[in-house]
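Observations on chain architecture
Here's the letter readout for the chains.
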Amino acid sequence: MFAPGRVNLIGEHTDYNDGLSLPFAIGEGVTADATLRPGHAGVGGDASELVCAVAEELRAAGHDLPGAEIAISSSLAEGEGLSSSAAVGVAVALALLGLAGESCEPVELARLCQRAERRALGTRSGLLDQLAALCAPEGCALRIDFRSLELTPVPLRLGGWRLAVAASGERRELARSGYNERRAECEGAAELLGVGSLRAARRADVDRLPEPMDRRLAHVLGENERVEQTVTALGEGDMSEVGRLLDASHASLRDLYDASTDAVERTVAGLREAGAVGARMMGGGFGGSVLALFTADVELPRRVRAVAPAAGARVLAG
Ligand code: GLA
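The present account deals with the structure reproduced in this document. (Residues numbered from 1 in each chain as written. Predicted model: local features only at pLDDT ≥ 70, side-chain atom pairs only at ≥ 80, totals over all residues. Heavy atoms only, no water.)

Quick notes on the packing of helix H1 (residues 49-60) against helix H2 (residues 84-100)
- Running from N to C, H1 and H2 cross one another at 50 degrees; their axes reach a closest spacing of 9 Å. Viewed along their axes, H1 and H2 adopt a mutual orientation that is oblique. In the packing of H1 onto H2, the handedness of the crossing is right-handed. Seen from H1, the contacting residues are Leu50, Val51, Val54, Ala55 and Leu58; seen from H2, they are Ser85, Val88, Gly89, Val92, Ala93, Leu96 and Leu97.
- Broken down by class, the residue content of the contact of H1 with H2 amounts to 10 nonpolar, two polar and no charged. (Axes fitted to C-alpha atoms, helices over the stretch in contact; angles between N-to-C directions. Helix = DSSP H or I, 4+ residues; strand = E, 2+ residues; numbered from the N terminus. Parallel < 35°, antiparallel > 145°, perpendicular 65-115°, else oblique. Left-handed = near helix turned anticlockwise from the far one by under 90°. Contact = heavy atoms within 4.5 Å. Nonpolar A, V, L, I, M, F, W, Y, C, P; charged D, E, K, R; others polar.)

Written out as structure tokens, the structure is:
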């Protein structure tokens, strides 16, 4: 089974706040092959903690897995914010389910992989990466509403423009970055406001919160709006507006969410100097990759890779 990495066009740190995101699957990803090993009690082969956690979660959810050996290969760099962990989890889960002749509904499977990542890696991630890896359709971004879990394909017609990613060079391990802390701050803000999640908060609520929760909420509210504005701009083929929204998202993640680093800022500045129309940190932040938008006539700088919307998880032919 193959599960792709993802690029999140916009909508960062919104998933665990019941908000909106707009990711797409990329061509690079993780392939997991499961082979029956009768008499083998668990999962062997490339069995990292994450692989074992996925198998345990599948069993806990009532799936009858046979003893198996898993072989994993990946074309995704780890720690670059392209969701390599979610791709491993999803590919392994699908490979084990395939071997057992069982199936699982995508949202349920995304939740199961999320639990496995939390157990194995200590990350309290949202569902962005897993849903993108499982459900993103080819040629489209996927608008995800994390409150209703409604998934809407949004055609990504770039009309000659190019999206590209550049690694900041700073490896990121979510659990050890400020990620879990940001999530706790958002939960604290929701509790103070007496709402179930920040999706239910309003602009006026920003002034009712102490620092830094007020800025965290301001980011989440603005970022949800930017997802809707990006969907509209894509529909109108207004790529300059998409570039403006990428820049606005970056400024918000840097100034309101405090999720940037010097290495990320240098990468963003370098991409803008190279002619990017918009650029922003991507994923959890605190390192990882930067996403940038270029017009067709600009030559991509070295070590900047073009990305295009590919299909979500699938069985590989051959
Ligand atoms: C990481 C997490 C996701 C999401 C992003 C930020 O990629 O795994 O769940 O929270 O950060 O948007």
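Structure shown, so let's carry the discussion forward.
Some thoughts on the site of the ligand
- Within the structure, the ligand sits among 13 residues, and Glu12, His13, Asp15, Asp129 and Tyr179 are positioned closest to it.
- Between the ligand and the protein, one listed contact pairs an oxygen atom with a side-chain N or O atom of Glu12 at 2.7 Å.
- Contact between the ligand and Asp15: an oxygen atom at 2.6 Å from a side-chain N or O atom of the residue.
- If the ligand stood free it would expose 310 Å²; the protein chains cover 98% of that surface.
- Looking at the shell around the ligand, its residues break down into four nonpolar, five polar and four charged.
- Residue assignment places the shell around the ligand across two domains, with domain 1 (2-154) and domain 2 (157-307) each supplying three or more. (Near = heavy atom within 4 Å. Polar contact = N/O pair within 3.5 Å; in protein donor to acceptor, adjacent residues only side chain to side chain. Areas by Shrake-Rupley, 256 points an atom, 1.4 Å probe, with all protein chains shown as cover. Domains from an automatic or database assignment.)

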